[in-house]
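# Close look at the chain arrangement
Listed below, chain by chain, are the residues.
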Amino acid sequence: MEFPDLGLHCSEETCHQLDFLPFKCDGCRKVFCLEHRTYKAHSCANANHKDVSVQICPVCAMSVKTVFGETVELTMKKHQQSKTCDPRNYVKMTKKPKCPVRGCRELLTFSNKYCCNACQKTVCLRHRFPSDHACGIAPTRATAQTAAGSKFLASFASRHSDMDCGAESNRMASLYIFEKKIDQEKTPTVKP
């Protein structure tokens, strides 16, 4: 053989095939051929080492990731002795926020809540308009339209305060007439 060190033998007891592209199991750290590379095929003892399970703490209602090789009781005991486990968080974590509008029982989820810009209250989408919830500054529709109209007129007037609309139109008309006269003078007239 030219390459005696090339490849490895499968670690499966019944196989021992020489494989030039062997697979190393990340659970038991043994080398396997293509046929025995899966956890199930070689009956790996650490097949569930990548499994992630989460337990809910009964004290603070936070989710706690269990560590592989540790019992759930030991993981929970470590969590409860740490600073992250706070019994005051239990109510905050378990109580679902509801819309503060009287008579509304809608739960506020990440896709069903709106924060009012005027009063900073978080309400459901049904009550997102200031007139629908008890907003401190809930203008009526007519006053909102007149306020918007007056803002527009004020901004328009500030932009065009230096010129008079009538004078501007007169100036444009006189420029048009002046250009027409120049064009008539340049064109030669032929008399028959």
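Sequence order as written defines residue numbering, which begins from 1 separately in each chain. Two thresholds apply to this predicted model, a pLDDT of at least 70 for residue-level local features and 80 or more for giving and counting side-chain atom pairs, whereas whole-chain, interface and lining totals are computed over all residues. With hydrogens and water stripped out, all remaining heavy atoms of the structure feed into the side-chain values.

Looking up the protein chain in an unreviewed UniProt entry gives the name AN1-type domain-containing protein, with the organism given as Physcomitrium patens. UniProt positions are given in the numbering used here, feature names are shortened, and annotations may be inferred rather than shown by experiment. The protein chain has a UniProt comment under Function (unreviewed entry) that states "May be involved in environmental stress response."

What follows covers the overall build of the protein chain. Counting from the N terminus, the helices are DSSP H or I runs at least four residues long and the strands are E runs at least two residues long. Each helix and strand counted, the protein chain has four helices and eight strands in total. The helix and strand sequence of the protein chain, counted from the amino end, reads β-β-β-β-β-β-α-α-β-β-α-α. The 192 residues of the protein chain split such that 17% are buried. We call two residues contacting when some pair of their heavy atoms lies within 4.5 Å. Contacts in the protein chain between residues at least 24 apart in sequence constitute 15% of all its contacts with a sequence separation of at least 6. As displayed, the protein chain offers around 15900 Å² of accessible surface, 58% of which is attributable to carbon and sulfur atoms. Relative accessibility thresholds used throughout: buried, under 20% of the residue-type maximum; exposed, over 50%; partly exposed, between the two (1.4 Å probe, protein chains only). Residue burial considers only the protein chains on display, and all accessible areas are found by Shrake-Rupley using a 1.4 Å probe.

Attention now goes to the packing of aromatic side chains. Stacked, edge-to-face and tilted are the three classes for Phe, Tyr and Trp ring pairs, Trp counted by its six-membered ring, which pair at centre distances within 6.5 Å; planes under 30 degrees apart are stacked, over 60 edge-to-face, the rest tilted. Going through the model one piece at a time under the given rule, you end up with zero aromatic pairs. Above the face of the phenylalanine 23 ring, arginine 37 is positioned so that its terminal group lies 5.2 Å from the ring centre. Geometrically, a lysine NZ or arginine CZ counts as sitting over a ring once it is within 6 Å of the ring centre and also within 35 degrees of the ring normal.

Our next topic: unusual backbone geometry. Across residues other than glycine, the phi torsion is negative in most instances, and most of the peptide bonds are trans. Positive phi, normally seen in glycine, also occurs at histidine 16, with a value near 50 degrees. Within the secondary structure layout, histidine 16 lies in the loop between β1 (8-9) and β2 (18-19). The phi dihedral of alanine 61 falls on the positive side, at around 65 degrees, and the residue is not glycine. Turning to its location among the elements, alanine 61 is positioned in the loop between β5 (54-56) and β6 (63-65).

It is worth spelling out the nonpolar core at this point. The tendency in soluble globular proteins is for nonpolar side chains to be buried as a group. Counting six residues, the largest nonpolar core consists of Cys99, Val101, Cys104, Leu108, Val123 and Cys124. Those residues within four positions of leucine 108 in sequence are excluded, and the remaining contacts are Pro97, Lys98, Cys99, Lys113, Thr122, Val123 and Cys124. By nonpolar core is meant a set of buried Ala, Val, Leu, Ile, Met, Phe, Trp, Tyr and Cys residues that side-chain atoms within 4.5 Å join together.

For the rest of this paragraph, the subject is the pattern of salt bridges. If the charged atoms of two oppositely charged side chains come close together, the side chains can form a pair. Salt bridges are defined by distance alone: a side-chain nitrogen of Lys or Arg within 4 Å of a carboxyl oxygen of Asp or Glu. Inspection of every chain in the model, using the stated rule, returns one salt bridge. Of the charged contacts in the structure, one is a salt bridge between lysine 78 and glutamate 70, with a shortest N-O distance of 2.5 Å. With relative accessibility at 48%, the residue lysine 78 sits in the partly exposed group. For glutamate 70, a relative accessible area of 23% puts it in the partly exposed group.

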